[in-house]
Amino acid sequence: MADFRRSHSFMTCWIALSASILALLIVHGEFNCAMAHGIGGKDASFVAATKGADILPFMYLGAKHMVTGYDHLLFILGVIFFLYRMRDVVIYVTLFSIGHSITLLAGVLLKIEVNSYLVDAVIGLSVVYKAFDNLGGFKSVFGVQPNNRIAVASFGLIHGFGLATKLQALRLNANGLVPNMIGFNVGVELGQLIALAIMLAIMLQWRRTASFERSAVVANALILTAGFVLMEYQLAGYLVGAKA
Amino acid sequence: MTEGQISKPLPAGRMLAITLGALVVASAIVFGAILPAEFNLDPFGVGKVTGLSRLWAPREVAFDTSASTVPLAREYPSGFRSDTIEIPLRREGDPTRGDELEYKVRMNKDATLIYEWSVSEIPNPEEFYYDFHGHTLTNTKEMTVATYKQATATSANGALTAPFDGVHGWFFQNQSVSPVVVHVKISGFYELISPGDTGNEAGIIANVPADKAFGEK
């Protein structure tokens, strides 16, 4: 617990900063969660028009993609839900980041094209997996407990493919590809930290309440439901053959 | 206790119940809301009941109506028909949104229609707007749209040769402060659209006086 106390003032600063960035995004109408989570509109035209290194805008796009990406956010929420020690949070989030960075960079560089509906369906599955695991489902129903660190890193790889497909759908120019892509990746990590700070702040308060264990079951049941919705939605999109 | 898990794992029975419940709720959301609104799929008809189906719209592809290669003399397999349609429109801004509607007929490619419509109650022709257009009937991702004329006027006469199979007709909008009746006369090679179907969503009945246009009250 001492761990948390010490980091309290640091956390307050983080939350204030994150909240103001979020507020800015909302004010500018950047929250566009209506459709399948992609990069669109003026951002897509910007990327298509970019020739050469333009790191900061790509960082912004990466951060925006993460902060507004409910699929990634739900998974991260599931991962940290029952992590009580800051050290564990850092380990798991790092594993997830390493996982998605590998496939994001490799996917774009090697031009690996995966159907974005299928990737997003597996990302939905990752949300289902983590919520099910959080409630102890694997041990009680199947009698086996998969290694959670390996699971989170593996799903990180899938989330990275999702990021890579979204970025590749934008006709990236070969000129400046590597710095731009790395900028996007760094942005993704920054966005993730912002989101994580807000989640942790809420979780810390929530865990202090007496009814936490009970409401935690309900919350994970809801995350499970949301995961199923995402999965079925993306599978439907794949089967219908709608344009990504 | 396993790292990153609840301190007291749920028993298998409860776990299965929660998973099944989540799956059922998720499927209800997907089949009841997301499929109708995003993909135009409505296996259980829920989207039609809730109106969510209306959120879906195919991408519109504009059709160039300026050129045609249709021969000037044409023959059609069956005889022509004539209909008179009286369309009552409420005053502008009426909360029921009864101040505007669409009335179209079904036509095959190259079929011809001649028409005459007028609104007598409006002294100022700028207070009545119409959009004469046609579009294909589609459940797929694209819909071809041909715009023939968009203008303000209180009457128009003319002829149309359909550029493609589909529904063709008018969007009428009353912008005046008084209720009006649009008198439409059409003749040619077309079919009327049953009230409620695409092209006649407002449910107008043809060949009856204006007060019966929406059915017996």
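Here the structure is a predicted model, which means the values were calculated and not measured. (Residues numbered from 1 in each chain as written. Chains lettered and ligands numbered in written order. Predicted model: local features only at pLDDT ≥ 70, side-chain atom pairs only at ≥ 80, totals over all residues.)

## Here's the deal with the overall build of chain B
At step 1: Scanning chain B from N- to C-terminus turns up two helices and ten strands.
At step 2: Written out in order from the N terminus, the α and β elements of chain B read α-α-β-β-β-β-β-β-β-β-β-β.
At step 3: Here chain B holds 217 residues, and 27% of them are scored as buried.
At step 4: Partitioning the intrachain contacts of chain B with sequence separation of at least 6 by distance along the chain shows that 73% fall at a separation of at least 24. (Helix = DSSP H or I, 4+ residues; strand = E, 2+ residues; numbered from the N terminus. Buried ≥ 20, exposed ≤ 12 C-beta atoms within 10 Å, placed from the backbone. Contact = placed C-beta atoms within 7 Å.)

## Thoughts on the overall build of chain A
At step 1: Looking only at helices and strands, one finds eleven helices and zero strands in chain A.
At step 2: In chain A, the succession of helices and strands from N to C terminus is α-α-α-α-α-α-α-α-α-α-α.
At step 3: By the burial criterion, 40% of the 244 residues in chain A qualify as buried.
At step 4: Sequence separation of 24 or more characterises 91% of the internal contacts of chain A that already satisfy a separation of 6 or more.

## A short note on the pairing of strand β6 (residues 142-152) of chain B
Residues and elements named next belong to chain B.
At step 1: Sheet topology places strand β1 (residues 59-62) next to β6; four bridges connect them, and they run parallel. Note that in β6 the partner of Arg59 across the bridge is Glu142.
At step 2: The pairing of strand β5 (residues 128-135) with β6 spans seven bridges and is classified as antiparallel. Bridging from a neighbouring strand, Tyr129 pairs with Thr152 of β6. (Pairing = 2+ DSSP bridges.)

## Details of the interface of chain B and chain A
At step 1: Tallying the contact residues gives 25 residues for chain B and 30 residues for chain A.
At step 2: Its residues placed into classes, the side of chain B that touches chain A shows 18 nonpolar, five polar and two charged. (Nonpolar A, V, L, I, M, F, W, Y, C, P; charged D, E, K, R; others polar.)

## Comments concerning the environment of Leu157 of chain A
Residue and element names in this part refer to chain A.
At step 1: When you line up the elements, Leu157 lands in helix α9 (residues 148-168).
At step 2: As for Leu157 and Leu104, which are separated by 53 residues in sequence, their C-alpha atoms are 8.1 Å apart.
At step 3: Not counting residues up to four positions away in its chain, the partners in contact with Leu157 are Gly99, His100, Ile102 and Thr103.

## Observations concerning the packing of helix α6 (residues 86-109) of chain A against α9 of chain A
At step 1: For the pair α6 of chain A and α9 of chain A, interaxial distance at closest approach is 6 Å and the crossing angle is 35 degrees. Between α6 of chain A and α9 of chain A lies a crossing whose hand is right-handed. (Axes fitted to C-alpha atoms, helices over the stretch in contact; angles between N-to-C directions. Left-handed = near helix turned anticlockwise from the far one by under 90°.)

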